[in-house]
Amino acid sequence: MASQRKAWWWAGCAMVALAIGYLGWTSSSASANPPATTAAVAASVGVAVTGEGNFTYVGSDKFKKCHLASHKEWEKTKHGTALEALKPGQATERKTKAKLDPQKDYSTDATCVACHVVGMGKPGGYELPKDEEGAKKMKGLTGVGCENCHGPGSKYVELHEEIMKSKRKYKVDEMYAAGMTKADVNTCKGCHNEKSPTVDPAIAFDFEKMKKDGVHATVELKQREN
């Protein structure tokens, strides 16, 4: 159980984007043409392509039913709108400071996008859309969502729904066995690191502060026993 939990914990590490709106892994000389596949991009920038086993990404909308209040709050955070920050005219001050072109559309650059979406390069995760229809399909995977921190949700979302319906008590190990991961500072450092042009390596990442200010409020889970 411990080894499985650790594996899925690291699977979540790779994709967590910037709690205070940091831009993804790019540079002022980054190519405007993305590599052939998002999986290749994920590997090239250091994002571990794991989680292909029994668990897949399902998108943040799947968590509304059980966590509506948290979901609504998350939508307004810089995590929830992370992909928007890559578009022309957005986050201009941060881009200019990082010597990036504030009028360039970085939302089509896979190297940048990797840290601003859910599960890029992994089963069920974000793929760069080729047209408007493709963009609609990716809507639930935009921004830094639930699964970036908590792991691919295909199984534990189903388990959580069963628990809510039955109103039974449960232990967190049930969720871990179903693919849920526990986030900590290393989860965030998958993207909060020196590879980001807007990260100052001289300033240590403050996980506790970002946990309070950059995500969503912690809601008591009354049916959970531990």
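Below is a summary of the structure that appears in this document. Everything quoted here is computed from the prediction, not taken from an experiment.

About the cut-offs
Residues numbered from 1 in each chain as written. Predicted model: local features only at pLDDT ≥ 70, side-chain atom pairs only at ≥ 80, totals over all residues. Heavy atoms only, no water. Helix = DSSP H or I, 4+ residues; strand = E, 2+ residues; numbered from the N terminus. Contact = heavy atoms within 4.5 Å. Disulfide = S-S within 2.5 Å. Buried < 20%, exposed > 50% of the residue type's maximum accessible area, 1.4 Å probe, protein only. Salt bridge = Lys/Arg side-chain N within 4 Å of Asp/Glu carboxyl O. Arc of directions from axis to C-beta.

1. Observations concerning the overall build of the protein
Each helix and strand counted, the protein has 11 helices and zero strands in total. The N-to-C order of helical and strand elements in the protein reads α-α-α-α-α-α-α-α-α-α-α. Looking at the protein alone, contacts between residues at least 24 apart form 73% of all its contacts between residues at least 6 apart.

2. Some words on the state of the cysteines
Tallying each qualifying case throughout the model produces one disulfide. Here Cys115 engages in a disulfide with Cys191; their sulfurs sit 1.7 Å apart. With the S-S dihedral at roughly -85 degrees, the linkage between Cys115 and Cys191 falls on the left-handed side. Taken together, the positions of Cys115 in the loop between helix 5 (110-113) and helix 6 (132-137) and Cys191 in the loop between helix 10 (185-188) and helix 11 (207-213) put the pair 76 residues apart, joining distant regions of the chain. No difference in accessibility class separates Cys115 from Cys191, as the two residues are buried. Cysteine Cys188 is unpaired, with the sulfur of Cys149 as its nearest cysteine sulfur at 6.1 Å. Residue classification places Cys188 among the buried positions, given a relative accessible area of 12%.

3. Some thoughts on the pattern of salt bridges
Per the stated rule, a full pass over the model turns up five salt bridges. The residue Glu84 makes a salt bridge to Lys87 at a minimum N-O spacing of 3.0 Å. Glu84 gets classed as partly exposed once you look at its relative accessible area, which sits at 39%. Relative accessible area serves as the criterion here: at 31%, Lys87 is assigned to the partly exposed category. In this structure, Arg168 and Glu174 form a salt bridge, with 3.0 Å as the shortest nitrogen-oxygen distance. Taking relative accessible area as the criterion, Arg168 reaches 26% and is therefore assigned partly exposed. Here the salt bridges do not stand alone but share partners, grouping Glu162, Arg168 and Glu174 into one network.

4. Focus: helix 8 (residues 156-166)
Residues that lie three or four places apart on an α-helix share one face, since the helix turns once every 3.6 residues. Within helix 8 the residues assigned to the buried category are Tyr156, Val157, Leu159, His160 and Ile163. With its buried residues spanning 160 degrees around the axis, helix 8 presents them on a single face. In helix 8, those exposed residues whose orientation departs by more than 90 degrees from the buried face are Glu158 and Lys165. Next to the buried residues of helix 8 lie helix 7 (146-150) and helix 9 (172-177). After helix 8 finishes, the residue Lys167 shows a positive phi value of roughly 60 degrees.

5. Side note on helix 3 (residues 68-75)
Taken together, the buried positions of helix 3 are occupied by Ser70, His71 and Trp74. Taken around the axis of helix 3, the buried residues stretch over an arc of 100 degrees, which confines them to a single face.

6. Here we look at the environment of Met164
Locating Met164 in the fold gives a position in helix 8. Taking C-alpha positions, Met164 is 9.8 Å from Lys65, a pair spaced 99 residues apart along the chain. Not counting residues up to four positions away in its chain, the partners in contact with Met164 are Cys66 and Gln223.

7. As for unusual backbone geometry
With a phi angle near 65 degrees, Lys99 is a residue other than glycine that sits in the positive phi range. Here Lys99 shows up in the loop between helix 4 (92-97) and helix 5. Positioned with a positive phi, Lys167 is a non-glycine residue whose angle comes to about 60 degrees. Here Lys167 shows up in the loop between helix 8 and helix 9.

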